[in-house]
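# Tertiary structure, described
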Amino acid sequence: MSKTRVPYSAVSLESPEGGRVHFNDDLHDSDAADVEDNELFDMSQSTEILEVADNDTAYYGMALSSRQRMRKRRGFWVTVVALVVFSVVGMFWLYVGGISWMQRSQKRNVILMISDGFGPASETMARNYMQKTRGLPVGYQSPLDELLVGSSRTRSSDSLVTDSAAGATAFACGLKSYNGAIGVDADKGPCGTLMEAAKLQRNMATGLVVTSRITHATPGAFSAHVAGREMEDLIAEYQVGNYSLGRVVDLMLGGGRCHFESGTSSNSSCRVDDRDLLSEAKRSGIRTLNSRHEFDKLDARAADVLPLLGTFAPSHMDYEIDRDATQQPSLAEMSEKALQVLEAATRGRNSGFFLMIEGSRIDMAAHTNDPAAHVREIIAYWDTVAAVRAYVDAHPDTVMISVSDHETGGLSVAKQLGPDYPEYRWNPQALEAAQHSIEYISSRLLPGSLQADEVQNERSKYAFVRDTVFTKWLGIADAKHEELLAVARETDSIRLRGLLSTALSNRAQLGWATHGHSAVDVNLYAYGKDAHLLRGNHENTDIGAIIEQMLDLDLSEITRMVKQDRIIQSTPAHAEAWLGRRDLDAPEHYPHIH
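Remember, predicted model here, so these are calculated numbers, not experimental data.

### Structural notes on the state of the cysteines
- Within the structure shown, the criterion is met by 2 disulfides.
- The disulfide partner of cysteine 173 is cysteine 191, and the gap between their sulfur atoms is 2.2 Å. Taking the sign of the torsion about the S-S bond as the criterion, the disulfide between cysteine 173 and cysteine 191, at about 75 degrees, is right-handed. Separated by 18 residues along the polypeptide, cysteine 173 in helix α5 (residues 164-173) and cysteine 191 in the loop between α5 and α6 (194-202) bring together distant segments of the chain.
- The disulfide that involves cysteine 258 links it to cysteine 270, with 1.9 Å between the sulfurs. One disulfide, between cysteine 258 and cysteine 270, carries an S-S torsion of 65 degrees and so falls in the right-handed class. Here the residue cysteine 258 occupies a position in the loop between β4 (251-255) and α9 (277-283), and cysteine 270 occupies one in the loop between β4 and α9, the gap between them amounting to 12 residues. Neither cysteine 258 nor cysteine 270 differs from the other in exposure class; each is buried.
- If you count the bonded cysteines of the protein chain from the N-terminus, they pair up as 1-2, 3-4.

Okay, structure coming up:
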């Protein structure tokens, strides 16, 4: 007969029959009661606790009922041990893999808003402007003021002063790269982006909404991998899905139609080849919008809206101060439409959306040192923040993050105008009457841009500058003769913009340190689910890493997938004109655009 060993330490009870029975050290009263019922034992006799010498004899010396009770007790403890082991293993799985599964099964929306070129001084300037021109109280808070959680550092891998390409790549890929890099690392290797990972790893809907060209640096860094930001023809090819991952952006709204149009068949194209990406996009199932009318007609809640490409200007969209609302939608309108479309597209799904919204032209106005256009762009961005916040309030599974890639212009909300000790003041009201941007004005003053009946000689041009440019467009009624004459005679775009900027900025007593960017930390705002993760001072790469954590993404996996993708445009790429390298596509800079 095989031997069955009792795996417990035991007590031994002497009995007249000499049998020995084993019990667990942790014997409870209920167990003792069972023993008392066992006919083999007389508990009234003396007992002695011993080490058991022969387990088999003890067990098989019991009566059948005693052995059955022993087996039941053993079964009970085996069950308890099994449950404990299962619980421990289950808890371990929960922490190692289960949290990941729960995150993936939980619907999340992330809205990343980027206020390009918007520094802390710009927020102060816009708040002061609103207070003084709208009669708001001293304690007024802007839509952003209420959401302030920290600040972001802005340096790139090769400079303390970043550009927008490296800044956006830090957000999109969570790593530092060189100025000019679009979705590539410091060694020019493609890096997986949040947008790509959101689409491929979580099946999220994705979108880009901007007021620049959709192929510009910031949207490009989320949707393409090119070695230099000027390669916008190649960025456009990425955006319609011409690379290893296919199309990963479901919705694009902004400017920049010229990089999708054939260079040989369209007067408004800025491509240097004959590819017609708009036609290619339509053949692949992408719906296209080209006008305000088409934008308004779009049923955002229809099931078949995506994928969608809406381009409402050949190049950048107009500044808010110049925008004709019958021709172009605002940033807030495009953002609200995008939210409606993405909400409808993800209804009933277990995955949400990732949307990047950029207030692109805040930066460009600062490059021109144009305070009136700059403040209007900020207010338009605030309108967008308010709209997005309302969406977050109605959708608690959503987080909104707002951050700048860098500051532009070195703006100071004060300016010393002469050698004497300066006044402690600045004048927001000096910006209120301005009706157009310096970009708009200069494009109408340069040779070849004026109507023949507007300017026929220097005298008539002087009158045009006095009566239209200064009095009407800039809202300056006290212009000096020297100012008017200098503007009327100037034929260089850069110097002309400088004269107009000085005229407006001096009257407002606002200072500018540069036509480029600065290294100052920028404000960080967040609202909604997990907004607390953004508190404090962060490197710009942390923003991308935090979003990666929120959505349980793995950017390194995407990086491995795109490492062989093309990063060099096959046709020549033309950098933009000076004035920050990104300015502003006035007609004189793109003479082939009519």
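On we go.
### A closer look at the UniProt feature "active site" (unreviewed entry) in the protein chain
- Following the UniProt record, the feature "active site" (unreviewed entry) maps to Ser164 here.
- With respect to the element layout, serine 164 can be found in helix α5.
- A distance of 3.2 Å separates a polar atom in the side chain of serine 164 from a polar atom in the side chain of aspartate 116.

### Things to note about the packing of aromatic side chains
- Throughout the structure, instances matching the rule amount to 8 aromatic pairs.
- Here tyrosine 238 and tyrosine 243 contribute two aromatic rings whose centre-to-centre distance is 4.6 Å and whose plane-to-plane angle is 50 degrees, an arrangement assigned as tilted.
- For the ring pair phenylalanine 464 and tryptophan 473, a centre distance of 5.8 Å and an interplane angle of 90 degrees mean the geometry is edge-to-face. Pair check on accessibility: phenylalanine 464 and tryptophan 473 agree, each one buried.
- Taken together, the aromatic side chains of Tyr440, Phe464 and Trp473 make up a single cluster linked through ring pairs.
- The ring of tyrosine 527 is capped by arginine 389, whose NZ or CZ atom sits 4.5 Å from the centre of that ring.
- The ring of tyrosine 440 has arginine 444 sitting right over it, with the charged end atom 3.6 Å from the ring centre.

### Observations concerning the UniProt feature "binding site: Zn(2+)" (unreviewed entry) in the protein chain
- UniProt marks Asp116, Asp363, His367, Asp405, His406 and His517 with the feature "binding site: Zn(2+)" (unreviewed entry), using the numbering shown here. Taken together, the annotated residues stretch across 402 residues yet fold into one region, lying no more than 14.3 Å apart by C-alpha.
- Turning to its location among the elements, aspartate 116 is positioned in the loop between β1 (109-114) and α4 (120-134).
- Among the secondary structure elements, aspartate 363 is positioned in helix α12 (residues 361-367).
- According to the relative accessible area criterion, aspartate 363 is buried, its value standing at 0%.

### Comments concerning the sheet that holds strand β11 (residues 522-528)
- Reading across from one edge, β5-β6-β4-β3-β7-β1-β8-β11-β2-β12 is the order of the 10 strands in this open sheet, with mixed pairing throughout. Two strands close off the open sheet at either side, each with one partner strand: β5 (287-289) and β12 (536-539). Along the sheet, successive strands turn relative to each other by an average axial angle of 15 degrees, direction set aside.
- With 5 bridges connecting them, strand β8 (residues 398-403) and β11 associate as antiparallel partners. In the sheet register, valine 403 faces β11, and the bridge partner there is leucine 524.
- The sheet contacts of helix α13 (residues 371-394) involve β1, β7 (353-358), β8 and β11, and relative to β1 the element is tilted by about 170 degrees.

### Points about the side chain of threonine 154
- Here threonine 154 lies in the loop between β2 (148-153) and α5.
- Here threonine 154 is in contact with Thr162, Asp405, His406, Ser518, Ala519, Val520, Val522 and Asn540, once residues within four sequence places are set aside.

### Here's the deal with the pattern of salt bridges
- The final tally for this structure, using the stated rule, is 27 salt bridges.
- Note that glutamate 280 is salt-bridged to arginine 275, the shortest N-O span being 2.6 Å.
- Glutamate 280 sits in the partly exposed class, given a relative accessible area of 23%.
- The salt bridge involving arginine 292 is made with glutamate 333; its shortest N-O contact spans 3.0 Å. Here arginine 292, found in helix α10 (residues 292-297), pairs with glutamate 333, found in helix α11 (residues 331-346); they are 41 residues apart in sequence, far enough to count as distant.
- One network of salt bridges, with partners in common, ties together Asp233, Glu237, Arg271, Asp273, Arg275, Glu280 and Arg566.

So, how was this worked out
In every chain, residue numbers begin from 1 and rise along the written sequence. Local features are withheld for residues below a pLDDT of 70 in this predicted model, meaning they are given only at 70 or higher, and side-chain atom pairs are given and counted only at 80 or more; totals for whole chains, interfaces and linings count all residues. Side-chain figures throughout are based on the complete set of non-hydrogen atoms in the structure, without hydrogens or water. Cysteine sulfur atoms are paired as a disulfide whenever they come within 2.5 Å of each other. Here a strand is any run of E in DSSP of at least two residues, a helix any run of H or I of at least four, and the numbering for each starts at the N terminus. Only protein chains enter the calculation, and the probe is 1.4 Å; a residue is then buried if its accessible area is under 20% of its type maximum, exposed if over 50%, and partly exposed in between. UniProt positions are given in the numbering used here, feature names are shortened, and annotations may be inferred rather than shown by experiment. By the criterion applied in these results, polar contacts are pairs of N or O atoms within 3.5 Å in which, for protein atoms, one can donate a hydrogen and the other can accept it, and in which residues neighboring in sequence qualify only through two side-chain atoms. In this scheme Phe, Tyr and Trp rings, the latter by its six-membered ring, pair at centre separations within 6.5 Å, and the angle between planes marks the pair as stacked below 30 degrees, edge-to-face above 60, and tilted otherwise. We count a charge as sitting over a ring when the NZ of a lysine or the CZ of an arginine lies within 6 Å of the ring centre and within 35 degrees of the ring normal. When DSSP finds at least two bridges between two strands, those strands are taken to pair. Fitting a line to C-alpha atoms yields each axis, with helices limited to the stretch in contact; the angle taken between N-to-C directions then spans 0 to 180 degrees. Residues are treated as being in contact if the distance between any of their heavy atoms lies within 4.5 Å. When a carboxyl oxygen of Asp or Glu lies within 4 Å of a side-chain nitrogen of Lys or Arg, that pair is called a salt bridge.

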